[in-house]
Amino acid sequence: MERNNAHTILVTKTVQQVRDQVRAWKKEGLSVGLVPTMGFLHQGHGSLIKKAVEDNDRVIVSDFVNPTQFGPGEDLEAYPRDFEADRAFCQDLGAAMIFNPEPKDMYQDPKAYVNIEGLSDGLCGASRPVHFRGVCTVVSKLFNITGADRAYFGQKDAQQLAIVKKMVEDLNFPIEIVACPIVREADGLAMSSRNTYLSKEERQAALCLSKAIFKGQESIREGMAAKDLLDLMGEVIGQEPLAKIDYIDLVDARMLEPLDRVQGKVLVAMAVYIGKTRLIDNFIWEEK
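Everything quoted here is computed from the prediction, not taken from an experiment.

About the criteria used
- Residues numbered from 1 in each chain as written.
- Predicted model: local features only at pLDDT ≥ 70, side-chain atom pairs only at ≥ 80, totals over all residues.
- Heavy atoms only, no water.
- Core = buried A, V, L, I, M, F, W, Y, C linked by side-chain atoms within 4.5 Å.
- Buried < 20%, exposed > 50% of the residue type's maximum accessible area, 1.4 Å probe, protein only.
- Helix = DSSP H or I, 4+ residues; strand = E, 2+ residues; numbered from the N terminus.
- Contact = heavy atoms within 4.5 Å.
- Pairing = 2+ DSSP bridges.
- Axes fitted to C-alpha atoms, helices over the stretch in contact; angles between N-to-C directions.
- Phe/Tyr/Trp six-rings, centres within 6.5 Å; stacked < 30°, edge-to-face > 60°.
- Lys NZ or Arg CZ within 6 Å of the ring centre and 35° of its normal.
- Salt bridge = Lys/Arg side-chain N within 4 Å of Asp/Glu carboxyl O.
- Expected span 1.5 Å × (residues − 1).

Participant: Even after reading the chapter, I still don't get the nonpolar core, so can you show me in this structure?
Facilitator: In globular proteins that are soluble, nonpolar side chains generally tend to be buried together. Counting 45 residues, the largest nonpolar core has Ile60, Phe143 and Ile177 as the members making the most contacts within it. Top element by residues in this core is helix 6 (residues 131-146). It accounts for eight residues. Residues in contact with Phe143, not counting those within four places in the same chain, are Leu34, Ala148, Ala151, Phe153, Val164, Met167, Val168, Phe173, Ile175 and Ile177.

What follows is the structure, given as structure tokens:
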């Protein structure tokens with residue numbers, strides 16, 4: 001595999017710039033990996049970039065806060081941004097390009113969107129009804145713009161990952177989806193750009209999510225029934241006064257259908273408000 005030894009990462013702003021560069025890489029027979037992000041990068045994103053750099057000759061990181069996946073009253077304007085830090089982060093990890101378009105460059109009075117049925121109804125989709133249409137649309141655009149051979153997604157966004165995999169399968173995108181494990185802080189909290197919203201007190205309170213996840217993993221290994229498992233995890237969250245549960249659910253890991261018992265490969269996922277900040281976490285369990 002040919003490594004990218006360029007000292008300075010290429011910053012692109014337009015679709016045509018990306019396509020022109022990828023065309024040149026493909027003419028050289030180089031493979032291309034894509035890491036789609038909304039920027040404000042942390043070590044969770046870093047794990048995706050590192051994996052992509054291992055697997056591909058050239059890696060593109062998209063750095064775009066996608067407006068179509070935010071509903072009314074959500075944090076589009078407040079979402080943290082620091083492009084210069086992101087650029088340096090990507091360069092240090094060996095990415096060849098960072099794609100940082102403006103919304104007007106990605107969406108010109110759009111009439112076409114990509115939607116997915118069923119998988120977007122529950123979990124985060126229940127309280128964020130436009131979110132996954134926006135995700136599917138922007139991810140489809142990024143696949144088409146970059147022509148990447150592989151794309152890398154984190155398991156923390158488990159519903160998003162399942163939806164993207166199904167979309168790729170159904171629409172015959174010629175791309176491999178690579179899932180990467182959740183990356184946690186030393187105290188267990190899953191890394192997220194939204195963690196920056198938390199006050200010191202809220203940051204401590206947010207540990208109830210990972211505590212519930214770890215307790216759930218332990219209990220499911222011991223054979224606890226589904227309802228008791230979810231109740232127990234809810235009790236762990238409920239002990240934190242600053243926490244408000246959006247959902248804690250157990251679903252089929254591939255099609256995200258609700259389950260009333262642990263069978264096959266399952267996803268146990270949660271969304272919890274800590275103050276005004278909505279955080280997610282999950283784990284996957286497969287019967288041996």
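From this point, things continue past the structure.
Participant: Any chance you could explain the sheet that holds strand 8 (residues 265-274) here in plain terms?
Facilitator: The pairing of strands in a sheet happens through backbone hydrogen bonds and is either parallel or antiparallel. Read across the sheet, three strands follow the order 7-8-9 without closing on themselves; strand pairing throughout is antiparallel. Strands with a single pairing partner mark the edges of an open sheet, and in this sheet they are strand 7 (243-252) and strand 9 (277-286). Across this sheet, the average inter-strand angle for adjacent strands is 15 degrees, counted without regard to direction. Two strands pair when backbone bridges link them, and strand 7 and strand 8 are joined in this way by nine bridges, in the antiparallel orientation. Within strand 8, the residue paired with Ile248 across the bridge is Met270. Taken strand by strand, helix 9 (residues 207-221) contacts strand 7, strand 8 and strand 9, and its axis lies near 15 degrees from that of strand 9.

Participant: It is not clear to me how the packing of aromatic side chains should be interpreted in this structure. Could you clarify?
Facilitator: The geometry of an aromatic ring pair is captured by two quantities: the separation of the ring centres and the angle between the planes. Considering all chains together, one arrives at three aromatic pairs under this definition. For the ring pair Phe64 and Tyr107, a centre distance of 6.4 Å and an interplane angle of 35 degrees mean the geometry is tilted. Within this pair, whereas Phe64 is found in the loop between strand 3 (58-63) and helix 3 (83-92), its partner Tyr107 is found in the loop between helix 4 (103-106) and helix 5 (124-127), the two being separated by 43 residues in sequence. By relative accessible area, Tyr107 is classed as buried at 12%. Measuring from ring centre to ring centre gives 5.5 Å for Phe143 and Phe173, while their planes differ by 75 degrees; the resulting arrangement is edge-to-face. Taken together, the residues span a long stretch of sequence, with Phe143 in helix 6 and Phe173 in the loop between helix 7 (158-171) and strand 6 (176-180) at a distance of 30 residues. An identical accessibility class is assigned to Phe143 and Phe173; each is buried. Taking the ring centre of Tyr113 as reference, the NZ or CZ of Arg133 above it sits at 3.8 Å.

Participant: Looking at this structure, I do not really get the pattern of salt bridges. What am I missing?
Facilitator: Opposite charge on two side chains lets them pair, provided their charged atoms get close. Per the stated rule, a full pass over the model turns up 18 salt bridges. The residue Asp157 makes a salt bridge to Lys156 at a minimum N-O spacing of 3.8 Å. Using a relative accessible area of 29% as the deciding quantity, one classes Asp157 as partly exposed. Three or more residues are tied together by salt bridges with common partners; here these are Lys166, Glu169, Asp170 and Arg254.

Participant: Please clarify how unusual backbone geometry should be interpreted in this entry.
Facilitator: One non-glycine residue, Leu123, lies in the positive phi region at around 50 degrees. Take Leu123: it is sitting in the loop between helix 4 and helix 5. Assessed through its relative accessible area of 6%, Leu123 is described here as buried. Here the phi dihedral of Asn172 falls at roughly 60 degrees; this positive angle occurs in a residue that is not glycine.

Participant: Would you explain helix 9 in this entry?
Facilitator: Over its 15 residues, helix 9 extends 21 Å from the first C-alpha to the last, a length consistent with the 21 Å expected when each residue adds 1.5 Å. Of all the positions in helix 9, only Leu207, Cys208, Leu209, Ser210, Ala212, Ile213, Gly216, Ser219 and Ile220 are classed as buried. Against helix 8 (200-205), helix 10 (226-238), strand 7, strand 8 and strand 9 lie the buried residues of helix 9. Of the residues flanking the end of helix 9, it is Gly223, one or two places downstream, whose phi is positive at about 90 degrees.

Participant: In this structure, what is going on with the pairing of strand 8? I would like to understand it.
Facilitator: When a strand is regular, its side chains alternate between the sheet's two faces. Of all 10 residues in strand 8, eight are buried; the element is thus mostly enclosed. Alignment of strand 8 against strand 9, held across 10 bridges, turns out to be antiparallel. If you follow Val266 over to strand 9, its bridge partner there is Trp285.

The quantities given are spatial measurements derived from coordinates; they are silent on function.
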